[in-house]
Structures are given as structure tokens and as C-alpha cells.
Amino acid sequence: MVSSRTDYETLAMVAVLPEQAYLEGLIFGVAACPEIPMPEQWMPWVIRTDANTAVSKQQADELADYLMNRLRDILDNMRKDERLLPEACQWRGDGLQHDALQQWLKGLLTAHQQLEKQWQQAWQMGEQTLDLPALSGRLNRCLKLFTTLADPQSRLQQTPPEKRQQLTAGLPRLAESLPSMLKEYVAISGELVQVLPNQFEVIPKTSGE
């Protein structure tokens, strides 16, 4: 898709940002939250804590525009039921090291952890109308898969020795289920959105859309 928007590589603030895959995963996690937080809440999460680079207002504005555009794009993909996992983050081969995918999932999990309060509030509002035990089971399966594929080495260390070979052999199959589990994660959020009061379009359309 041809676009005149700023690319990640050309951002003036790229030096203070995490890896692109991690950033994309984090924005996905923000977009998938039942109640999307305001920009001033989540945008500071994308700045590396070890970054000491001075930032000008122009650079900050450019970054904010970039992040909001990426949020809109990801929300649009969700609405159109298009591919949610970037092509560069696919699982390839049988090894344990898949840097881009692992970084993307770590970004997603970071966002989910940071937004746990919003998820919990939606959960509480759905007590009277939703089957929360079933919903909880579905969400836990998603998060377990994300966590496993984000750091297969740690998962293997926590697995009994006699079952490690089985888990290693099964990782590619687990990775194949990731696209459908991402859609499931978004679907769970969508069910929770229905019980939230005063829901409205939080991402304004840009001119010309």
C-alpha cells in the first residue's frame, strides 16, 4: 500500500523507540483493548526507559501522528477481519528463535498488562450478561499461547524434562494457530465492548477518509 505517511525508519525519534516489531505489537494490544486508552496514557510506553535523547516538540508531534496512524490502520484491519500479524513476524522453520515474532508478542503482552485495569472494568460490567467463566477460559488460552511463543525458551525451562521434546516439536503447530487466536483475542474484546456504557468512535477519521 503506497502511503505518504512517515515510516518507522525515517522517524526523527527512532533512536528512542523500541524495535519496530515490539512497537507494532504494543499498538495492536492498545487497539485490542475493550476500552482504548487515551493517547497520553499509552504513548509514553513506547519510549525506551534508557533513552536520554532530547526530544523537540516537532519530533514529538511527528511521533504522535505516526502512532495514531498506526493505531487507525490496525483498528481498520480488525474491523475488516484482515491479517492481524505482520508478514515480517511470521514463524518460519522449526527453531526456537524468531526475533520479530517474539518482539511483537512481547509488545502485545506489555500492552495487555498495562491495560489490565481496563480489561477488568469491562469484565465487571459483563457479570450480568456474559458467560464470564467461558470468556475467561478463552482469554487465558490466548494469553498462554502468546506467552509461549513470545519466549519459547522460558516455557521449555518450566516444562518437565520428559515433555520438553514434545513441546519443541509442537511449537510450529502452535504458531500456525496464532492468527486465529489473535482474531479470538479481538473477538473477546468485542464481546466486552458491548457491555460498556457510552461507547463511541474513539479514533477520529482523518480528513479525506
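Residues numbered from 1 in each chain as written. Predicted model: local features only at pLDDT ≥ 70, side-chain atom pairs only at ≥ 80, totals over all residues. Heavy atoms only, no water.

### Quick look at the overall build of the chain
Turning to step 1, where the next piece is worked out: Tallying secondary structure elements over the chain gives nine helices and zero strands in all.
Turning to step 2, where the next piece is worked out: In the chain, buried positions account for 41% of the 209 residues.
Turning to step 3, where the next piece is worked out: In the chain, of all internal contacts separated by at least 6 residues, the share reaching a separation of at least 24 is 78%.
Turning to step 4, where the next piece is worked out: Of the roughly 12000 Å² of accessible surface on the chain, 50% is carried by carbon and sulfur atoms. (Helix = DSSP H or I, 4+ residues; strand = E, 2+ residues; numbered from the N terminus. Buried < 20%, exposed > 50% of the residue type's maximum accessible area, 1.4 Å probe, protein only. Contact = heavy atoms within 4.5 Å. Areas by Shrake-Rupley, 256 points an atom, 1.4 Å probe, with all protein chains shown as cover.)

### Notes on unusual backbone geometry
Turning to step 1, where the next piece is worked out: Of note in this structure, Asp81 is not a glycine but carries a positive phi near 60 degrees.
Turning to step 2, where the next piece is worked out: Secondary-structure assignment places Asp81 in the loop between α3 (57-80) and α4 (99-114).

### Describing the pattern of salt bridges
Turning to step 1, where the next piece is worked out: Inspection of every chain in the model, using the stated rule, returns eight salt bridges.
Turning to step 2, where the next piece is worked out: The salt bridge partner of Asp61 is Lys57, with a shortest N-O separation of 2.8 Å. Here Lys57 and Asp61 lie together in helix α3, a separation of four residues that amounts to about one turn.
Turning to step 3, where the next piece is worked out: A salt bridge links Glu87 to Arg83; the shortest N-O distance between them is 2.6 Å.
Turning to step 4, where the next piece is worked out: A relative accessible area of 42% places Glu87 in the partly exposed class.
Turning to step 5, where the next piece is worked out: Bridged by salt links that share partners, the residues Glu24, Arg70 and Asp73 form one connected network. (Salt bridge = Lys/Arg side-chain N within 4 Å of Asp/Glu carboxyl O.)

### Section: the side chain of Glu24
Turning to step 1, where the next piece is worked out: Tracing the backbone through its elements, the reader meets Glu24 in helix α1 (residues 20-31).
Turning to step 2, where the next piece is worked out: Of note is the side chain of Glu24, whose polar atom sits 2.6 Å from the side chain of Arg70.
Turning to step 3, where the next piece is worked out: If near-sequence neighbours (up to four positions away) are discounted, Glu24 is found in contact with Tyr66, Arg70, Ile74 and Trp104. (Polar contact = N/O pair within 3.5 Å; in protein donor to acceptor, adjacent residues only side chain to side chain.)

### Structural notes on the packing of aromatic side chains
Turning to step 1, where the next piece is worked out: This model, assessed by the stated rule, comprises three aromatic pairs.
Turning to step 2, where the next piece is worked out: For the pair Phe28 and Trp104, a centre-to-centre distance of 5.1 Å together with 50 degrees between the ring planes defines the contact as tilted. Of this pair, Phe28 sits in helix α1 while Trp104 sits in helix α4, and the two are 76 residues apart along the sequence.
Turning to step 3, where the next piece is worked out: Through a chain of ring-to-ring contacts, the aromatic side chains of Trp119, Phe146 and Tyr185 assemble into a single cluster. (Phe/Tyr/Trp six-rings, centres within 6.5 Å; stacked < 30°, edge-to-face > 60°.)

### Considerations on the environment of Thr6
Turning to step 1, where the next piece is worked out: Relative to the elements of secondary structure, Thr6 occurs in the segment before α1.
Turning to step 2, where the next piece is worked out: Separated by 60 residues in sequence, Thr6 and Tyr66 place their C-alpha atoms 6.5 Å apart.
Turning to step 3, where the next piece is worked out: Once you skip the residues sitting within four places of it in the chain, Thr6 turns out to touch Leu11, Glu62 and Tyr66.

### Remarks on helix α6 (residues 132-150)
Turning to step 1, where the next piece is worked out: Spanning 19 residues, α6 covers 26 Å between terminal C-alpha atoms, matching the ideal 27 Å at 1.5 Å per step.
Turning to step 2, where the next piece is worked out: Of the positions making up α6, those classed as buried are Leu132, Leu135, Arg138, Leu139, Cys142, Leu143, Leu145, Phe146, Thr148, Leu149 and Ala150.
Turning to step 3, where the next piece is worked out: Check the buried side of α6 and you find it contacts α4, α5 (116-125), α7 (152-157), α8 (161-176) and α9 (178-193). (Expected span 1.5 Å × (residues − 1).)

### Some details on the confidence of the model for the chain
Turning to step 1, where the next piece is worked out: A residue-level look at the chain finds 89% of positions with pLDDT of 70 or above and a mean pLDDT of 87.
Turning to step 2, where the next piece is worked out: Predicted confidence for residues 200-209 stays below pLDDT 50, and this span has ten contacts to residues more than four positions away or in other chains. (pLDDT = per-residue confidence, 0-100.)

### Some thoughts on the nonpolar core
Turning to step 1, where the next piece is worked out: One finds Phe28, Trp42, Phe146 and Tyr185 to be the most contacted residues of the largest nonpolar core, which totals 62 residues.
Turning to step 2, where the next piece is worked out: At the level of secondary structure, the elements contributing two or more residues to this core comprise α1, α3, α4, α5, α6, α8 and α9.
Turning to step 3, where the next piece is worked out: Ranked by residue count, the leading element in this core is α6, at nine residues.
Turning to step 4, where the next piece is worked out: When residues no more than four places from it in sequence are discounted, the contact partners of Trp42 are Leu26, Ile27, Val30, Pro37, Leu67, Met68 and Leu71. (Core = buried A, V, L, I, M, F, W, Y, C linked by side-chain atoms within 4.5 Å.)

### A few points about α4
Turning to step 1, where the next piece is worked out: Spanning 16 residues, α4 covers 22 Å between terminal C-alpha atoms, matching the ideal 22 Å at 1.5 Å per step.
Turning to step 2, where the next piece is worked out: Taken residue by residue, α4 has Leu101, Gln102, Trp104, Leu105, Gly107, Leu108, Ala111 and His112 as its buried positions.

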